[in-house]
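Here's the letter readout for the chains.
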Amino acid sequence: MSSGNRFFIITKKPDYPTHIKAGCLCYTHDSKYRLAVSKPGCHVKLPVTPLNSHSSLPYEIDMKLMEEVSAEEAGMLLSVEGDSERLKMFKDRDALQRALTLSEGSEVTVEEGGKKLKGIIRYTGYLTPPTSHPLSGIFFGIELQGEDRGKGKTDGSYYHQALFRCEKDCGIFAPFPRVRPRLSSSLSPAALTSLPQLETEGLAPGDRVTYFTNDYCRHGMVVDMQEKDGDYFVRISTDTDERGKTGGELVVPLQLVAKGEVPAETEHMDLDRPAVEPNPEAANKGLSISSLVEVTLAAGNSFGIIRWIGTLPDRHNLMAGIELEEPLGVSDGTVKEERYFTCAPKRALFVKLSSLRPDSRFYREDPEREQSTGILDPVLPISAEQVDQVLIGRMKGIQGHCNSCYMDAALFSLFSCSSVLDSMLFKSTEPQDAPIQKTLLHDIVNPLRSKGFVEGKHIMKLRQLLQKHGYSRSFTTDEKDPEEFLNVIMHHILALDPLLKLSASGKVQESYCYQIFLDQNHSLVLPTVQQLLEHSFHSARLKLAEVPSCLILQMPRFGKKFKMFEKIIPSLELDITDLRSEGPQQCMLCGKLAEVECIDCFNDPVFSLTGCKIFCVECSSQVHSHPRRQRHQTAALDIPKGYLRRGVTHPLTRDKLELFAVLCIETSHYVSFIKYGPNSQDWIFFDSMADRQGESDGFNIPVVHPCPEVTEYLVMPPAELANQVPRDMKGVAKRLFCDAYMYLYQSPSMCLYR
C-alpha cells in the first residue's frame, strides 16, 4: 500500500510545532526511521510529515509522543474526521481490529442519520487516490439491503468515479467507526418469525434475548457469539436454568435465540411448570462494590471482584459488573459501547447480582467453622485513591525492630499496594508451616492494608516462627538480605511455584529472584533497568521460558557497599517481548516477522543500547552485508508454524511488566519506594526506622511519605541526570537512583484482584 514508509499517530501533543495535535497521523521514510533510532539517547526525535498537511514539510517530534501503526490502520484512521476523535478510535483497539477483518461481501450495519441500516460491503479503499502523501483515508462502500434499500446517497460512484455498482440511493460510503459486522440472517429460525418484536440479527454482548430449550421459553443476556464448523452459537448468561436455579451459562444454537423478550404473560402460555421465584437468599449475601465473588459459567466456577452495581438499559433487575481473574468475560467494562468500569479486555462480565455468591475460597458460610479455624476475610491492597488516607504519615507502614528493616521493606513492597503474590497467603501448606502463613496474613498483611500500620511485635513473631522451624538460627537477631527471606518464605515454607522460568541451551531453570550480572566489557554508563536486564540475558545467553507474573530483579553490586553504577534509571515498564524463548516477534527495522537474532549485533554501536537485535530474513541480509558484520553468527528464532505462513501484518501486542516497588540499601539499612498508581507522581517512600522515641527502652517510628520529586529526575535528560551530585538531589530521590538493591515488577493481567 505504501512501500518504504512507516506511519505513526501522535498520542501526546508536542510543544512544537503547535499546530500538530494529539491524534494527528504522520509518516516518515523507513531509512530516516532507521537512522533516527540508531542514534544514542533516550529522547529520539523522528522527522515526520503530517498526512493531513497540504505540504510535505517534515517536523522533528520526540518518538515518546507517538505510536507506530500499520499502513492499513493508518488508512482506516485517516478516514476519521478530527484529531481528537481519531485518537479516541485508535485507543479503541477492538473496533479498529474488527474493521480490519471486514472485506467485500461482509454483512454489516452502518450508521446513517442516527439510524442503523443493513448492508453488504462492496468496496474497501480510497475515495480519492493519494497525491502528495502516500496514503488517503480508507472507506467502506456498502450496498444497502432489504427494507433499507433506497435510504442511501449513491449508486456506488464518488464524484463521477464508479467504485462499485448498485441501484440509485442504495449505496453509502462510510468510515470504519460507523460500520459494524452482523451475523447472517439466513440462520434465523422460522419458529421465531411469529414474534414481530424480536430479531435475530445484530446480536451483541449485553443484549437481552429469548431462547428456547426443551420446549421451554427462557430469558438471558448474550455473553458472546461463537462459530463452529460453519454453525453459529450464542453463549447466554441465563436468568434461570431448566432446574430453576439462578445464574449460570448455556450455549444455544443461533436459530433458537431471538433478540428481545417475549412479554411475561406469553412466557407461560405453553409451559408445564410454574415460574420459579427468585432465590430469597440472594438479597442477603452482603455483596457490594469490591466484594470477592464467584459465578458459575459454562466452563465451571469463575472468580472475580465486583466493580459496579446498578441497572442496565432495558433491565429491571439489579445487575453487577465483575472483573474476572481469567479472560472469560465479554468486554473491558462496557455494554453496548457504554462504559461502566475499566479492566483488561475479556475480563468484564455483567450478571444479575442475585446470581453471584461470595468467593468460596475465602469466605465460609458456617460461622462456627470460621470461628474455629480463624479464617478472616481477605483485605484488598491499598488503592491509589486510599493511599493518602490509609498510609501517609508517622507510625505508618511496618514498625522496625532489631535489624528487621530487610523484612519490613520486603513485606511492605510486596503487599501494601500490590496483589501479585497474594496467592501465597491462601495456598494450602503443611500443618507445621500453617502458623507462619496465618501470621503473615492475619497479623501483617491484613492490618497493613486495613489500618496502614503493623506493630513491630508481629514482625518479631514471624521471625521467631521462622527461627523455630529451623530455617535459620539468627532470624530474630541478625541482619539478612531480602532475597534470603523471600526464598525461605516462598520456597521452603509455602512451596510457591518458582516465579521465574529461564531457558538456557534448551534447558529450563527455575528461581524466585534474578541477579543481574554483566560482562566486564559492557558499555553501559547510566543504564536503565531495561538495559541491565537485556545485557544480563545477552551475557548469560538466557531467554524467558514463560512470561512471569512477578519479576524480582537484584541490581549488580559487589556486596552491600560497592555498586557497579553510580546511578540506575528506573524503567517504569519492562518490555520483555524480545526476551521470550518462543513466540512471534517483530523485526527491529521493518516490523515484519523476525526470524533470526544476532548476538554479535547486540553490542554494535550503530544500534541502540536497548532492545535485542532481531531481524527478518531480508533485513538480516542487508545488515550483515556490511564488511564489519559479515562474520556475525545469527541464530534462528523459535516461531509458531502458523506465523511463518502468514507473517506479521499488524503490530504485535508487546509483553510488558509494570514497576510496583524498589528496595534500596544504604549503610546496611533497607528502605522502599512504591509506585502505587498510574500518574507520574504516584510515588511513596517507606522507612521502618525513620525516627525513634526513647533510648534502649523506646521504639522505632516508621514513616511513609509522598516523594513526587522522583518524577523530576525520571523525565530529566540522561546527560543532565548523570551530572547530578547525589547529595544535592531533592528529597529522597538520591536513594532511588543511587541505592537501588532490588526492583519488583508485576504483570498487569496476573494480579489476584485485578
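Cut-offs applied
Residues numbered from 1 in each chain as written. Predicted model: local features only at pLDDT ≥ 70, side-chain atom pairs only at ≥ 80, totals over all residues. Heavy atoms only, no water. Pairing = 2+ DSSP bridges. Helix = DSSP H or I, 4+ residues; strand = E, 2+ residues; numbered from the N terminus. Salt bridge = Lys/Arg side-chain N within 4 Å of Asp/Glu carboxyl O. Buried < 20%, exposed > 50% of the residue type's maximum accessible area, 1.4 Å probe, protein only. Phe/Tyr/Trp six-rings, centres within 6.5 Å; stacked < 30°, edge-to-face > 60°. Lys NZ or Arg CZ within 6 Å of the ring centre and 35° of its normal. Lys, Arg positive; Asp, Glu negative; His and termini not counted. Polar contact = N/O pair within 3.5 Å; in protein donor to acceptor, adjacent residues only side chain to side chain. Axes fitted to C-alpha atoms, helices over the stretch in contact; angles between N-to-C directions. Parallel < 35°, antiparallel > 145°, perpendicular 65-115°, else oblique. Contact = heavy atoms within 4.5 Å. Nonpolar A, V, L, I, M, F, W, Y, C, P; charged D, E, K, R; others polar. pLDDT = per-residue confidence, 0-100. Expected span 1.5 Å × (residues − 1).

1. Observations concerning the sheet that holds strand E38 (residues 634-636)
The three strands lie next to each other as E37-E36-E38, forming an open sheet whose pairing is antiparallel. The sheet is open, and its two edges are formed by strand E37 (614-615) and E38, each paired on a single side. Alignment of strand E36 (residues 596-598) against E38, held across three bridges, turns out to be antiparallel. When the bridges of E38 are listed, Cys598 appears paired with Thr634.

2. Focus: the pattern of salt bridges
If you walk through the whole model with that rule in mind, you get 26 salt bridges. With a shortest N-O distance of 2.7 Å, Arg86 and Asp83 are connected by a salt bridge. With a gap of three residues between them, Arg86 and Asp83 both fall in helix H3 (residues 83-91), about one helical turn apart. Two residues, Lys543 and Glu597, come together in a salt bridge whose shortest N-O distance is 3.1 Å. Residue Lys543 is found in strand E31 (residues 543-544), and its partner Glu597 is found in strand E36; the two are separated by 54 residues along the sequence. The buried category is assigned to Glu597, whose relative accessible area is 14%. What emerges from the salt-bridge pattern is a single network uniting Arg6, Asp30, Arg34 and Glu68.

3. Quick look at the sheet that holds strand E28 (residues 500-504)
The strand order across the open sheet formed by three strands is E29-E28-E31, and the pairing between neighbours is antiparallel. Of all strands in the sheet, those with a lone pairing partner are strand E29 (507-511) and E31, marking the two edges. Strand direction decides the pairing type here: E28 and E29, joined by five bridges, are antiparallel. Within E29, the residue paired with Ala504 across the bridge is Lys507.

4. Structural notes on helix H2 (residues 71-78)
Counted residue by residue, H2 has seven buried out of eight residues, so it is predominantly covered. Here H2 has its buried residues at Ala71, Glu73, Ala74, Gly75, Met76, Leu77 and Leu78.

5. Some thoughts on the packing of aromatic side chains
Here the structure, examined in full by the defined rule, presents 16 aromatic pairs. Put simply, the rings of Tyr158, Tyr159, Phe164 and Phe173 touch in pairs and so form one group of aromatic residues. Across the ring face of Tyr33, the terminal group of Arg6 is positioned such that the distance to the ring centre comes to 3.8 Å. The cationic tip of Lys613 hangs over the ring face of Phe602; the distance from NZ or CZ to the ring centre is 4.8 Å.

6. Things to note about the side chain of Lys675
As for its placement among the helices and strands, Lys675 is situated in strand E40 (residues 669-675). Of the side chains bearing the opposite charge, Asp682 lies closest to the buried Lys675, which forms no salt bridge; the N-O distance is 5.0 Å. Reaching out from Lys675, the side chain makes a polar contact with the backbone oxygen of Asn679 at a distance of 2.9 Å.

7. Some details on the packing of helix H8 (residues 405-415) against helix H11 (residues 456-468)
For any two helices packed against each other, the geometry is given by the interaxial angle and the distance between the axes. Two elements in contact, H8 and H11, have axes whose closest approach is 11 Å; the angle formed by their N-to-C orientations is 105°. When the interaxial angle is binned, H8 and H11 end up roughly perpendicular. The segment H8 lies against H11, with Tyr406, Met407, Asp408 and Leu411 engaging Ile459, Leu462, Arg463 and Leu466. Its residues assigned to classes, the contact of H8 with H11 shows six nonpolar, no polar and two charged.

8. Structural notes on the confidence of the model for the protein chain
Per-residue confidence for the protein chain averages 80 on the pLDDT scale, and 82% of its residues sit at or above 70. Within the model, the stretch residues 184-201 combines pLDDT values under 50 with 37 contacts to residues more than four positions away or in other chains.

9. A closer look at H11
Helix length check: H11 (13 residues) gives 18 Å between terminal C-alpha atoms against 18 Å at 1.5 Å per residue, within 8%. The set of residues buried in H11 consists of Gly456, His458, Ile459, Met460, Leu462, Arg463, Leu465 and Leu466. On the buried face of H11, the contacting elements are strand E26 (397-398), H8, helix H10 (434-451), strand E27 (453-454) and helix H12 (482-493).

10. A word on the pairing of E28
The element E28 is largely enclosed, with a buried count of four among its five residues. In this antiparallel pair of consecutive strands, E28 and E29, the connection spans two residues, and Ser505 shows a positive phi of 55°. Sheet topology places E28 next to E31; two bridges connect them, and they run antiparallel. By the bridge assignment for E31, Ser503 is matched with Lys543.

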